[in-house]
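Here's the letter readout for the chains.
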Amino acid sequence: MVRPEDFNSLELDNSLTDGETVHEMMAHKAGLTYNDFNILPGFINFGVHDVSLETNITKDLKIKAPLVSSPMDTVTESGMAIVMALYGGIGIIHGNFPKPEDQAAEVLKVKRFKQGYVMQPHCLSRDSTAFDMIQIKKKYGYTGAPVTEDGRVGSKLIGMVTSRDFDFITMDVAGQKGTPISDIMVSVDQLHLGHINDAPELSQKKLKEHRLGKLPIVNDNGELCALLCRSDLLKARDYPMASYDSKGQLLCGAAVNTRGESQYTVDRVVEAGVDVLIIDSSNGSSTYQISMLRYIKEKHPHVQVIAGNVVTRAQAKLLIDQGADGLRIGMGSGSICITQDVMAVGRAQGTAVYDVARYANQRGIPIVADGGIRDVGYITKAISLGASAVMMGGLLAATTEAPGEYFWGPGGVRVKKYRGMGSLDAMEAHASSQDRYFTAESDQIKVAQGVSATMKDRGSCHKFIPYLIRGVQHGMQDIGVRSLRDFREKVDNGIVKFERRSTNAQLEGGVHSLHSFEKRLY
Ligand SMILES: NC(=O)c1ccc[n+]([C@@H]2O[C@H](COP(=O)([O-])OP(=O)(O)OC[C@H]3O[C@@H](n4cnc5c(N)ncnc54)[C@H](O)[C@@H]3O)[C@@H](O)[C@H]2O)c1
Ligand SMILES: O=P(O)(O)OC[C@H]1O[C@@H](n2cnc3c(O)ncnc32)[C@H](O)[C@@H]1O
Ligand SMILES: [K+]
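Position labels on residues start from 1 in each chain and follow its written sequence. Whichever chain is written first is A, and whichever ligand is written first is 1; the rest continue in order. Local features in a predicted model are, by the rule used here, given only for residues with pLDDT of at least 70; side-chain atom pairs are given and counted only at 80 or more, and totals for whole chains, interfaces and linings are based on all residues. To obtain the side-chain values, all non-hydrogen atoms of the structure were used and water was disregarded.

Asker: What's the story with the pattern of salt bridges in this structure? I'm lost.
Answerer: Side chains bearing opposite charge may pair, as long as their charged atoms lie close to each other. By salt bridge we mean one thing: a side-chain nitrogen of Lys or Arg within 4 Å of a carboxyl oxygen of Asp or Glu. In the structure shown here, the tally under the stated rule is 22 salt bridges. Two residues, Glu 209 and Lys 205, come together in a salt bridge whose shortest N-O distance is 3.7 Å. A residue pair is termed a helical-turn pair when its members lie 3 or 4 positions apart in one helix, as Glu 209 and Lys 205 do in helix α7 (residues 200-209) at four residues. Here Lys 417 and Asp 425 are joined by a salt bridge, their closest N and O atoms 3.2 Å apart. Here Lys 417 falls in the partly exposed class, since its relative accessible area comes to 35%. Here the residues in one salt-bridge network are Asp 73, Lys 417, Arg 419 and Asp 425, joined through shared partners. Counting from the N terminus, the helices are DSSP H or I runs at least four residues long and the strands are E runs at least two residues long. Burial here depends on accessible area, computed with a 1.4 Å probe over protein chains only, as a share of the maximum for the residue type. Under 20% is buried, over 50% is exposed, and the range in between is partly exposed.

In structure tokens form, the structure reads like this:
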């Protein structure tokens, strides 16, 4: 039987100094990044479950896992933001929508999230046919769908195709093109309905009592708001780490650019209940950024603001002096980013995180290390350099919860699109993002800072994020630190040791010398 007290006097003898302190490692002025170093192991005298990942991402905003999803249109809309918050992180809704109201609607979906409720069910319209229902079944596997006036959530519910109705449809696809949906749906007056303001328990009771597969949830005007699904309820579980606000709603962030018109967007997303705003720019030390920061702080003082991006202490000082509650660090480090090639400006991410964190943390301002997080160990390394959280784009793209549909890429691989917000592809997607790339109002010459790519299907965040969290906990256990604060203190006072590694050591640290291998991670 292992008794903790038997080991009380044991510790590592830190006078035997292998490696170097973080300050020694960073004293060499060449830019370093995560892959350039390892952290040396510490003494494990606690279990992996004892490692707390609680952290502040701004002065006043605490979350339980140091994970933030990037405000990119192939990464974070409400689906991603919900799953990030359920596991203790936070998602930042991107700002590349046709209208500010669309972005606000995504924020609202996160704030209104209730377990078991599908907020964006696939709908049919008054003009749909049985053929369209067959297509939904084929593409998504659903055997029922709500029917609304114009086929969208938010329009008037007129009926519902249930799996029982659907069982009688012949799969004679061509023939069903002529069968109006009204022939196979149950009309709204014969449906059991839930109200959006009802407590979730009440709607769940209705669903169980009437043995329904799905319960449409409507508002006072009879417009469809959501669908409560039996199968999702059965899957529902507790999320003990979830990031909630004081009203018990999931935390949510949103990004805005620095254009004057975006003040209107700020007001809309704040109205929707956003908890934190990110002012999105590759170079945060601009007059444009400062006027946006001032606007938000004056008009909405209760909303936390992460300013950026910055990579130097002078940039950080400027934004902290102007009232930033948090900073986003990274210029050129993103997987889809070509800023350093095109602009000749940027900084190695490890050095940027270390330098800015040392300054900002002294002033009580947390930093989010943005870009270049390729794997779970990179998260631990970013934290070791002083980051309070990491922001991920590519690592989360191509999960089920990322926006966009999967398709088959070269070699028969299932992929989703992942693109830089400054890629021509993203610029062309919406007028709102195009104007930011014209270097002057009248200038029609675009200079892309990002590329458009595909990423291999990574499965659902419901598996991937718990894997990331547990991976970081294991890393911190190996280092011998129980919390982010403990980590920071032990790095600062030189107890946690680092070692730079040669190119050969980097190769050795990866998989090598194998004929073939399979990489299954979680
Ligand atoms: N982290 C990175 O390394 C990095 C690098 C490039 C792009 N990006 C991402 O790409 C997107 C766009 O970044 P960006 O830096 O090109 O956007 P930006 O909006 O900050 O800048 C685009 C152009 O618009 C100008 N501009 C901005 N606000 C203005 C105003 N109010 N009036 C007049 N001109 C104004 C800027 O000076 C710049 O020339 C963001 O999502 C950003 O996060 C990130
Ligand atoms: O996590 P990764 O994928 O390494 O980086 C995400 C990070 O990249 C930045 N970014 C987004 N779009 C662009 C773009 O078009 N050019 C340059 N950098 C970009 C952004 O900071 C993301 O959070
Ligand atoms: K890059």
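The rest of the description comes next.
Asker: Looking at this structure, how should I read the sheet that holds strand β15 (residues 276-279)?
Answerer: Sheet strands pair via backbone hydrogen bonds, and the direction of the pair is either parallel or antiparallel. Two strands pair if DSSP finds at least two bridges between them. Within the closed barrel, the eight strands sit side by side as β4-β5-β14-β15-β16-β17-β18-β19. Their pairing is parallel. Strand-to-strand, the axes of this sheet are offset by a mean angle of 25 degrees, without reference to chain direction. Two elements, strand β4 (residues 67-69) and strand β5 (residues 90-93), share two bridges in a ladder whose sense is parallel. Looking at the pairing, Val 68 lines up with Ile 90 of β5. The contact criterion used throughout is that any non-hydrogen atoms of two residues lie within 4.5 Å. Note on geometry: axes are lines fitted to C-alpha atoms, helical ones only across the stretch in contact, with angles between N-to-C directions running from 0 to 180 degrees. The strands touched by helix α2 (residues 78-86) are β4, β5 and β19 (389-392); relative to β5, the strand with the most contacts, the crossing angle is about 160 degrees. Packed onto the sheet, helix α13 (residues 349-362) meets β16 (304-310), β17 (326-329) and β18 (367-370) and runs at close to 175 degrees relative to β18.

Asker: What's the story with the site of ligand 2 in this structure? I'm lost.
Answerer: For each residue, the test is whether any non-hydrogen atom lies within 4 Å of the molecule or strand; if one does, the residue is near. Inspection of the region around ligand 2 gives 23 residues, with Ser 70, Ser 335, Asp 370, Tyr 418 and Gly 422 positioned closest. Here a polar contact means two N or O atoms within 3.5 Å. Within protein one must be a hydrogen donor candidate and the other an acceptor candidate, and residues neighboring in sequence count only if both atoms are side-chain atoms. For ligand 2, an oxygen atom lies 2.5 Å from a polar atom in the side chain of Asp 370. The separation between an oxygen atom of ligand 2 and a polar side-chain atom of Tyr 418 is 2.6 Å. Protein chains bury 90% of the 500 Å² of accessible surface belonging to ligand 2 in isolation. Class assignment of the residues belonging to the shell around ligand 2 gives a composition of seven nonpolar, 14 polar and two charged. Each accessible area value is a Shrake-Rupley result obtained with a 1.4 Å probe; residue values ignore everything except the protein chains displayed when judging cover. Note on residue categories: nonpolar means Ala, Val, Leu, Ile, Met, Phe, Trp, Tyr, Cys or Pro, charged means Asp, Glu, Lys or Arg, and polar means any other residue, Gly included.

Asker: Explanation requested: the sheet that holds strand β20 (residues 407-409) in the structure shown.
Answerer: What the three strands build is an open sheet, ordered β20-β21-β22; its pairing is antiparallel. The two strands at the open ends of the sheet, each matched to only one other strand, are β20 and β22 (452-456). Between one strand axis and the next, the sheet turns through 60 degrees on average, direction left out of account. Pairing of β20 with strand β21 (residues 413-419), which is carried by three bridges, proceeds in the antiparallel orientation. In the sheet register, Phe 407 faces β21, and the bridge partner there is Val 415.

Asker: It is not clear to me how the UniProt feature "binding site: NAD(+)" (unreviewed entry) in the protein should be interpreted in this structure. Could you clarify?
Answerer: UniProt positions are given in the numbering used here, feature names are shortened, and annotations may be inferred rather than shown by experiment. The residues that UniProt annotates with the feature "binding site: NAD(+)" (unreviewed entry) are Asp 280, Ser 281, Ser 282, Gly 330, Met 331 and Gly 332. Taken together, the annotated residues stretch across 53 residues yet fold into one region, lying no more than 14.1 Å apart by C-alpha. Residue placement: Asp 280 occurs in the loop between β15 and α10 (287-299). Tracing the sequence through the fold places Gly 330 in the loop between β17 and α12 (339-343). Classification of Gly 330 by relative accessible area gives buried; the value is 7%. Once residues within four sequence positions are removed from consideration, Gly 330 is found in contact with Asn 309, Val 310, Val 311, Gln 349 and Asp 370.

Asker: Could you clarify how one ought to interpret the coordination of the potassium ion (ligand 3) in this entry?
Answerer: For a metal with four donors in a tetrahedral arrangement, the ideal angle between donors is 109.5 degrees, while six donors in an octahedron ideally sit at 90 or 180 degrees. Note: metal donors comprise N, O and S atoms at 2.8 Å or less from the metal (3.2 Å for Na, K and Ca); water molecules are not included, so apparent gaps in a site are possible. Donor atoms from the polypeptide that coordinate the potassium ion (ligand 3) comprise Gly 332 (O), Gly 334 (O) and Cys 337 (O), at 2.7 to 2.8 Å from the metal. Of note, the donors binding the potassium ion (ligand 3) are all from one chain and are spaced G-x1-G-x2-C. Judged by relative accessible area, which is 21%, Gly 334 ranks as partly exposed.

Asker: How should α7 be read in this particular structure?
Answerer: For the α-helix, the turn length of 3.6 residues means that residues three or four positions removed from each other point alike. Along α7, the positions that sit buried rather than exposed are Ser 203, Gln 204 and Leu 207. Angularly, the buried residues of α7 cover 100 degrees about the axis, an arc narrow enough to put them on a single face. Turned more than 90 degrees off the buried face of α7, the exposed positions are Glu 201, Lys 208 and Glu 209. Following α7 by one or two positions, Arg 211 has its phi on the positive side, about 50 degrees. The arc in question is traced by the directions running from the helix axis to the C-beta atoms.

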